[in-house]
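# Summary of structural features
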Amino acid sequence: MESTESKLGAFFEKAYWMQRGEYYPETHAKNIDELSQQFPWDRELIDTLYRLLPHFDFVAEEAVKKFKLGEKTNEEAYQDLCYPIFSRIPESVKKDVWDLHLSSAELNGEP
């Protein structure tokens, strides 16, 4: 059975590919339909993640770096994922994204 982290990783990869790293409103509906077929999550969650993905993913990656470099504690760095702009992203998904970036940093040999 595929883990939540690997599902999120696959979602991020597919969504990034669709957006080419930016949000394009003209292809939004078609891309949400395609993602909804591939990922059996709530359509509203898919839409929210898709819209915020370029920014949210960057913030998560930077927060993990700050934690790994000792600039912030785990809790302080994680709070970066709780900015008001991300309030529509469920806490469980924020935690999964945090874990995804944390494990990715460890796999890449980052401090």
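Quick summary incoming for the structure in this document.

Calculation notes
Residues numbered from 1 in each chain as written. Predicted model: local features only at pLDDT ≥ 70, side-chain atom pairs only at ≥ 80, totals over all residues. Heavy atoms only, no water. Helix = DSSP H or I, 4+ residues; strand = E, 2+ residues; numbered from the N terminus. Buried < 20%, exposed > 50% of the residue type's maximum accessible area, 1.4 Å probe, protein only. Contact = heavy atoms within 4.5 Å. Core = buried A, V, L, I, M, F, W, Y, C linked by side-chain atoms within 4.5 Å. Bend = angle between axes of the 7 residues up to and from the residue. Polar contact = N/O pair within 3.5 Å; in protein donor to acceptor, adjacent residues only side chain to side chain. Arc of directions from axis to C-beta. Salt bridge = Lys/Arg side-chain N within 4 Å of Asp/Glu carboxyl O. Phe/Tyr/Trp six-rings, centres within 6.5 Å; stacked < 30°, edge-to-face > 60°.

Counting its secondary structure elements, the protein contains five helices and zero strands. Scanning the protein from its N terminus toward the C terminus, one meets helices and strands in the order α-α-α-α-α. Across the 111 residues that make up the protein, the buried fraction comes to 36%. Sequence-distant contacts in the protein: of pairs separated by 6 or more residues, those separated by 24 or more amount to 63%.

What follows covers the nonpolar core. Phe11, Leu35 and Trp98 are the most contacted members of the largest nonpolar core, which totals 30 residues. Elements with a minimum of two residues in this core: helix 1 (4–19), helix 2 (28–38), helix 3 (43–68), helix 4 (74–78) and helix 5 (91–107). Excluding residues within four positions of it along the chain, Trp98 makes contact with Ala63, Val64, Phe67, Asn74, Ala77, Tyr78 and Leu81.

What follows deals with helix 3. When the local axis directions of helix 3 are compared, the greatest deviation, roughly 70 degrees, occurs at Leu53, which is followed within four positions by the proline Pro54. The N-cap of helix 3, judged by a side-chain oxygen 3.1 Å from the amide nitrogen of Glu44 a few residues on, is Asp42. Immediately downstream of helix 3, the backbone of Gly70 shows phi near 80 degrees, a positive value.

Within helix 2, burial applies to His28, Asn31, Ile32 and Leu35. The buried residues of helix 2 occupy one face: seen down the axis, they fall within an arc of 100 degrees. Opposite the packed face of helix 2, turned more than 90 degrees from it, sit the exposed residues Lys30 and Gln37.

Scanning all chains against the criterion turns up seven salt bridges. Residues Asp99 and Lys95 are paired through a salt bridge, measuring 2.9 Å at the closest nitrogen-oxygen approach. Placement of both Asp99 and Lys95 in helix 5 is noted, with a separation of four residues, approximately one turn of the helix. One salt-bridge network, held together by shared partners, links Glu61, Glu62 and Lys65.

It is worth spelling out the packing of aromatic side chains at this point. One pass over the structure, following the stated rule, counts eight aromatic pairs. Both rings, one in Phe11 and one in Phe39, keep their centres 5.3 Å apart while their planes meet at 80 degrees; by these two values the pair is edge-to-face. Placement of Phe11 in helix 1 and of Phe39 in the loop between helix 2 and helix 3 is noted, with a sequence separation of 28 residues between them. Look at Phe39 and Trp41: their rings are 5.3 Å apart centre to centre, the planes differ by 35 degrees, and that puts the pair in the tilted class. Among the residues examined, Phe39 registers a relative accessible area of 5% and is labelled buried.

Just distances and angles here, no functional claims.
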